[in-house]
Amino acid sequence: MKKMKVFTKLVLCIIYIGLIIFLMINCYNLFQAKQQTIHWTEAENINNYSYIDISKMSEKFAYDEENHVGIHFVIEKEETGLWHTYLIAINEDEYDTYKEIIDYTYQRTDKEPEKIRVYGYPVIIDEATKQLAIKSIKDFLPRENEIEITNDNYEKFLTNSYLDVTKPRKEEFSLLLLASMILLFTISILLGKTILGNNKKNR
């Protein structure tokens, strides 16, 4: 009977340890997913924290006086040579951070700067800003790459939003992560009680 109890507790300990390892891995993966930053093109809603690597950048073509942000065109160039145009909103107090890449865009300097990676949240573009973008983009795109942007093809080339890099990252609550951590804590206590209970009976 004593051997049976010892065997049962040993099996329980193995099960608990296995569950603890599984839950620890699960918690880590959930935490990593929670902290993940995706590329702008992969953003599916306004809560997706995302980034763009800027190769070129325009002067602001629109300004939001209420939030004190300027809206700019940017170009992201891939290693293959392909490029894509997007819109971003920056805090105008941080203009100097982008000045070098803006100057290079307008050929005010010959030195090609390093790409700038910017992070933020998508913001759905309002109609007034959209019309300004349609009107202003021809002054930004190189003539050989110029595409006529209209109301009909706007979202195809520029999407229906811009990346607001003035918004700090929000810590999102994860119910699944919390539940996994509570379960991990509970099973750890059960494992401790099982081991200590076994030791007490062996004294």
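Since the model is a prediction, treat every value here as computed from it, not as a measurement.

### A word on the overall build of the protein
Line of reasoning, step 1. Check the secondary structure of the protein and you find five helices and eight strands.
Line of reasoning, step 2. For the protein, buried positions account for 36% of its 203 residues.
Line of reasoning, step 3. Accessible surface, the protein as shown: approximately 13,700 Å² in total, 55% of it carbon and sulfur.

### Points about the packing of aromatic side chains
Line of reasoning, step 1. Throughout the structure, instances matching the rule amount to five aromatic pairs.
Line of reasoning, step 2. The interplanar angle of 15° and the centroid separation of 4.3 Å between the aromatic rings of phenylalanine 61 and phenylalanine 73 together place this pair among those described as stacked. Of this pair, phenylalanine 61 sits in the loop between strand E3 (56-57) and strand E4 (62-64) while phenylalanine 73 sits in strand E5 (residues 69-77); the two residues are twelve residues apart in sequence, bridging distant segments of the chain. When sorted by exposure, phenylalanine 61 lands in the same class as phenylalanine 73, which is buried.
Line of reasoning, step 3. Ring centres of phenylalanine 73 and phenylalanine 140 lie 5.6 Å apart, and the angle between their planes is 15°; on these two criteria the pair is classed as stacked. Taken together, the positions of phenylalanine 73 in strand E5 and phenylalanine 140 in the loop between helix H3 (127-136) and helix H4 (154-158) put the pair 67 residues apart, joining distant regions of the chain.
Line of reasoning, step 4. Phenylalanine 73 gets classed as buried once you look at its relative accessible area, which sits at 1%.
Line of reasoning, step 5. Phenylalanine 140 sits in the buried class, given a relative accessible area of 9%.
Line of reasoning, step 6. Linked through ring pairs, Tyr49, Tyr51, Tyr119 and Tyr121 together constitute an aromatic cluster.
Line of reasoning, step 7. A cation over a ring is seen here: arginine 117 above tyrosine 51, with NZ or CZ 3.9 Å from the ring centre.

### Structural notes on the nonpolar core
Line of reasoning, step 1. Counting 19 residues, the largest nonpolar core has Phe61, Ile71, Phe73, Leu87, Tyr154 and Tyr162 as the members making the most contacts within it.
Line of reasoning, step 2. Mapped onto this core, the elements with two or more residues apiece are E5, strand E6 (83-91), H3 and H4.
Line of reasoning, step 3. The residues touching phenylalanine 73, leaving out its near neighbours within four places in the chain, are Lys56, Met57, Ser58, Phe61, Thr85, Tyr86, Leu87, Ala133, Ser136, Ile137 and Phe140.
Line of reasoning, step 4. The next biggest cluster of nonpolar side chains, apart from the first, holds 16 residues, and it includes Ile88, Ile101, Ile102 and Val118.

### Here we look at the confidence of the model for the protein
Line of reasoning, step 1. Here the protein averages 83 in pLDDT, while 87% of its residues score no lower than 70.
Line of reasoning, step 2. When mean pLDDT is compared element by element in the protein, E3 scores highest at 94, while helix H5 (residues 175-202) scores lowest at 75.

### What to know about H3
Line of reasoning, step 1. All buried positions along H3 are accounted for by Thr129, Lys130, Ala133, Ile134 and Ser136.
Line of reasoning, step 2. Tucked into the core, H3 has its buried residues touching E4, E5, E6 and H4.
Line of reasoning, step 3. Where H3 begins, the capping side chain belongs to aspartate 126, and its oxygen is found 3.1 Å from the backbone nitrogen of alanine 128.

### Some thoughts on the pattern of salt bridges
Line of reasoning, step 1. Tallied over the full model, the rule gives five salt bridges.
Line of reasoning, step 2. Between lysine 60 and glutamate 92 there is a salt bridge, with its nearest N and O atoms 3.6 Å apart. With lysine 60 in the loop between E3 and E4 and glutamate 92 in the loop between E6 and helix H2 (95-105), this residue pair connects regions lying 32 residues apart in the sequence.
Line of reasoning, step 3. The exposure class of lysine 60 is partly exposed, given its relative accessible area of 41%.
Line of reasoning, step 4. Aspartate 103 serves as the salt-bridge partner of arginine 108, at 2.9 Å between the closest nitrogen and oxygen.
Line of reasoning, step 5. By relative accessible area, which is 47% here, arginine 108 ends up partly exposed.
Line of reasoning, step 6. Taking the relative accessible area as the measure of exposure, aspartate 103 reaches 13% and is therefore buried.

### Overview of unusual backbone geometry
Line of reasoning, step 1. Residues other than glycine seldom take positive phi values, yet glutamine 107 does so here, at roughly 60°.
Line of reasoning, step 2. Secondary-structure assignment places glutamine 107 in the loop between H2 and strand E7 (116-124).
Line of reasoning, step 3. The exposed category is assigned to glutamine 107, whose relative accessible area is 71%.
Line of reasoning, step 4. The phi torsion at threonine 159 lies on the positive side, around 65°, for a residue other than glycine.
Line of reasoning, step 5. Residue placement: threonine 159 occurs in the loop between H4 and strand E8 (161-164).
Line of reasoning, step 6. Taking the relative accessible area as the measure of exposure, threonine 159 reaches 25% and is therefore partly exposed.

Thresholds, definitions, all that
Residues numbered from 1 in each chain as written. Predicted model: local features only at pLDDT ≥ 70, side-chain atom pairs only at ≥ 80, totals over all residues. Heavy atoms only, no water. Helix = DSSP H or I, 4+ residues; strand = E, 2+ residues; numbered from the N terminus. Buried < 20%, exposed > 50% of the residue type's maximum accessible area, 1.4 Å probe, protein only. Areas by Shrake-Rupley, 256 points an atom, 1.4 Å probe, with all protein chains shown as cover. Phe/Tyr/Trp six-rings, centres within 6.5 Å; stacked < 30°, edge-to-face > 60°. Lys NZ or Arg CZ within 6 Å of the ring centre and 35° of its normal. Core = buried A, V, L, I, M, F, W, Y, C linked by side-chain atoms within 4.5 Å. Contact = heavy atoms within 4.5 Å. pLDDT = per-residue confidence, 0-100. Polar contact = N/O pair within 3.5 Å; in protein donor to acceptor, adjacent residues only side chain to side chain. Salt bridge = Lys/Arg side-chain N within 4 Å of Asp/Glu carboxyl O.

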